[in-house]
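Residue-level structure breakdown
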Amino acid sequence: MAESVKSDGKGDDRIENLIAARKSLKLSLEKSKSLGLALKKAGPILDEMKQRLPSLEAAVRPIRADKEALVAAGGHINRAIGPAAAVLKVFDAVHGLEKSLLSDPRNDLPGYLSVIKRLEEALRFLGGNCGLAIQWLEDIVEYLEDNVMADERHLSNLKKSLKGLRELQSDDERAHLDGGLLNAALDKLEGEFRRLLTEHSVPLPMSSSSTLAEQAVIAPSQLPVPVIHKLQAILGRLRTNNRLEKCISIYVEVRSSNVRASLRALDLDYLEISIAEFNDVQSIEGYIAQWGKHLEFAVKHLFEAEYKLCNDVFERLGLDVWMGCFSKIAAQAGILAFLQFGKTVTESKKDPIKLLKLLDIFASLNKLRLDFNRLFGGAACIEIQNLTRDLIRRVIDGAAEIFWELLVQVELQRQIPPPPDGNVPILVSIITEYCNKLLGDNYKPILSQVLVIHRSWKHEKFQEKILVGEVLNIIKAIELNLETWKDAYEDTILSNLFAMNNHYHLYKHLKGTKVGDLLGDSWFREHDRCKDQYAEIFLRESWGKLPGHLSREGLILFSGGRATARDLVKKRLKTFNEAFDEMYKKQSSWVVPDRDLREKICQQIGQAVVPIYRSYMQNYGPLVELDGSSNKYAKYSVQALEQMLSSLFLPKPGRYASFKGRQLSDKFNNGVADLRRTTSAVV
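Residues numbered from 1 in each chain as written. Predicted model: local features only at pLDDT ≥ 70, side-chain atom pairs only at ≥ 80, totals over all residues. Heavy atoms only, no water.

Another aspect to go through is unusual backbone geometry. Although it is not a glycine, aspartate 267 adopts a positive phi angle of roughly 60°. Looking at the secondary structure, you find aspartate 267 in the loop between helix H10 (244–263) and helix H11 (285–314). For histidine 459, which is not glycine, the phi dihedral falls at a positive 60°. Turning to its location among the elements, histidine 459 is positioned in the loop between helix H18 (444–457) and helix H19 (464–488). For histidine 459, a relative accessible area of 76% puts it in the exposed group. (Helix = DSSP H or I, 4+ residues; strand = E, 2+ residues; numbered from the N terminus. Buried < 20%, exposed > 50% of the residue type's maximum accessible area, 1.4 Å probe, protein only.)

Right, dumping it as structure tokens:
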């Protein structure tokens, strides 16, 4: 029993051990299963760790680097971070100015200029220190690379960034350091410069109905001093930033436009006239007179004002700058057009009136000589100087050439037939008036100066007596022409009328003149005597013969009867009428241009004819008045006769209004030049 019990106890132990083993096995299986699941989950993690091992290795590489290299890296990094931080701080300050710089400068120009100056200082700092900061950063990158202390990819990205910053340091790209803020601010300054100029540039209040003398008392409005100071301040900032040329262009544009607006009321369209648009100087001489006045007004009042204003505004920038600015204003405002018009006149056809007009142009230029030298004497005005010198040379050469040709031209006119109406030849009218003007107080000093200059160019001397002698020679040539023309008439009566007209013309139109003073009293007495002599011969050989046809012979003592007396009266009246009609018809086309002389001649003719005719008709008219054909013999009443005689020798309308003909040619063109031009009628 005991053994069986003992045996039973051992069996129980085995069961418990089996149960325990079973539990242990089961637990082991569960752990194995859990471990299998854990290993299955750990696979991807291990793959990820495997992929990150290179970067982890790079991250811990500095730990494996040399100790001395690690210690030195700190200093390199600190030196690079300091400049870079300063640059970043300034960049932040630049962006802080953006709001102020994008505002309107007119609200606070001094403040705006101050902000621009701060921006310029900031950009100068960036321009000077960005390079230093980049250099330090490049050094630390190079150090890290050499000592294998950083990831190659990170180092590559750093190099690319630093390369981009380095490119921004080039001259072409440095302006972009502020993102274009400075350029935008300078554009606004230029706009403010234009606004200030435009709002305060007021054209001179001109009126085409008022005279230039009245306009001259109105001084062009100057810019207010505060405005000038603002313009100068803007110029200073723009010059600092190499924007001066644009500013000058704006100034020239606004101010030249202002001058042109002032001149517009003067109607200067004639300045654009071309040589093809007029036949001769006479057709534009009115423009030439205006030209001198307009040029003087423009120079003394408009360009003078611009000259002073350029000096005021640009004086701080130097003489070359403000003189260059003024020269552009003068050129664009119209001074070149004035000079071109003068040149056009010099290129026109040569004729006597052109000499006077050239002298007018020279006088205008000479009057403004000091003003031209002062205003346009700088190197910047070289174009204006060259055009002015060229114009003066053309004027002097042209005037001298015409003057020295005059005598020859007068002599060449000798071969031209005399006027068919016995009138004063146009040549004589022109030359007498011409010589009076050339030696008059207005033109003689100018002509003398022109001839002095012209001779000096040839290294020849000129004396006043040469001018006087040449004019007197011209008068003598006119006298010879008159003698030649007088002898050219086939009708001696017309020849006497012609001589009377011309001797009186010379007498009247030269008496009391500068030319007349040189000719002397004896010269005038001779011409006055010749005038009377030819008038007497003219009357005696023409109208003086008419009364002879009204002879009373045979009528007073006639005893043959009334019918015989009537026949004799009819015969004599018929002869008188025929002679009168023929003479009147012929001489009705003749001319005595001077009113006083014409009235005197008509009076003398009337005195020679009318009293005898009146007496004859009173005594013998009744013999024929009762006849049925009385009108055939008593053809004219005394009143009709007087009226007809008083209407003789009247000038033809328009005879001296204008003249067309050939021009004075170069070296006379192998022919006779036309001197038949004048500007006033011979009365």
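Past the structure itself, the notes keep going.
To describe a pair of aromatic rings, you give the distance between the ring centres and the angle between the ring planes. Per the stated rule, a full pass over the model turns up 19 aromatic pairs. Taking the centre distance of 5.1 Å and the plane angle of 65° together, the rings of phenylalanine 372 and phenylalanine 376 count as edge-to-face. Of the two residues, phenylalanine 372 and phenylalanine 376 are both situated in helix H15 (residues 369–376); the distance of four residues between them amounts to about one turn of the helix. For phenylalanine 376, a relative accessible area of 2% translates into the label buried. When the ring of tyrosine 507 is compared with that of phenylalanine 524, the centres are 5.9 Å apart and the planes differ by 75°; the resulting orientation is edge-to-face. With tyrosine 507 in helix H20 (residues 492–510) and phenylalanine 524 in helix H22 (residues 521–541), this pair connects stretches of sequence that are 17 residues apart. With relative accessibility at 3%, the residue phenylalanine 524 sits in the buried group. Above the ring of tyrosine 307, the side-chain terminus of arginine 374 is found at 6.0 Å from the ring centroid. Just above the ring of phenylalanine 524 sits the side chain of lysine 511; from NZ or CZ to the centre is 4.9 Å. (Phe/Tyr/Trp six-rings, centres within 6.5 Å; stacked < 30°, edge-to-face > 60°. Lys NZ or Arg CZ within 6 Å of the ring centre and 35° of its normal.)

With that settled, the discussion passes to the packing of helix H17 (residues 426–438) against H19. In contact at an axis separation of 11 Å, H17 and H19 are set at 160° when each is read in the N-to-C sense. Between H17 and H19, the angle falls in the class roughly antiparallel. As H17 runs across H19, the sense of the crossing is left-handed. Facing Leu427, Val428, Ile431 and Cys435 of H17, the residues of H19 in contact are Val471, Ile474, Ile475, Ile478, Asn481, Leu482 and Trp485. Considering only residue class, the contact of H17 with H19 consists of 10 nonpolar, one polar and no charged. (Axes fitted to C-alpha atoms, helices over the stretch in contact; angles between N-to-C directions. Parallel < 35°, antiparallel > 145°, perpendicular 65-115°, else oblique. Left-handed = near helix turned anticlockwise from the far one by under 90°. Contact = heavy atoms within 4.5 Å. Nonpolar A, V, L, I, M, F, W, Y, C, P; charged D, E, K, R; others polar.)

Time to look at the environment of leucine 204. Looking at the element boundaries, leucine 204 is found in the loop between helix H7 (181–200) and helix H8 (212–216). In the structure, leucine 204 is positioned 54 residues away from asparagine 258 in sequence and 8.4 Å away in space, judged by C-alpha atoms.

Ranked by internal contacts, the top residues of the largest apolar core, which has 164 residues, are Phe303 and Trp543. Of all the elements, H11 adds the most residues to this core, at 13 residues. When sequence neighbours within four positions are dropped, the list of residues in contact with tryptophan 543 reads Phe538, Phe580, Met583, Tyr584, Gln587, Ile605, Val609, Leu645, Leu648 and Phe649. (Core = buried A, V, L, I, M, F, W, Y, C linked by side-chain atoms within 4.5 Å.)

This brings us to the packing of helix H16 (residues 382–412) against H19. Where H16 meets H19, the axes come as close as 9 Å, and the angle between the chain directions of the two elements is 15°. By the angle class used here, H16 and H19 are roughly parallel. Crossing of H16 over H19 shows left-handed handedness. Contact residues: H16 offers Phe403, Trp404, Leu406, Leu407, Val410 and Glu411, while H19 offers Ile466, Leu467, Glu470, Val471, Asn473, Ile474, Ala477, Ile478 and Asn481. Within the contact of H16 with H19, the residues separate by chemical class into 11 nonpolar, two polar and two charged.

With that settled, the discussion passes to the environment of asparagine 241. Positionally, asparagine 241 belongs in the loop between helix H9 (225–240) and H10. On the accessibility criterion, asparagine 241 (19% relative accessible area) is buried. In this structure, the C-alpha to C-alpha distance between asparagine 241 and leucine 186, residues 55 residues apart in sequence, is 8.3 Å. Polar contacts involving the side chain of asparagine 241 include one to the main-chain carbonyl oxygen of arginine 237, which spans 2.8 Å. (Polar contact = N/O pair within 3.5 Å; in protein donor to acceptor, adjacent residues only side chain to side chain.)

What follows concerns the state of the cysteines. Such a bond, covalent and formed between the sulfur atoms of two cysteines, is termed a disulfide. Evaluated as defined, the whole model comprises zero disulfides. The closest cysteine sulfur to the non-disulfide-bonded cysteine 310 is located on cysteine 325, 4.1 Å from its own sulfur. (Disulfide = S-S within 2.5 Å.)

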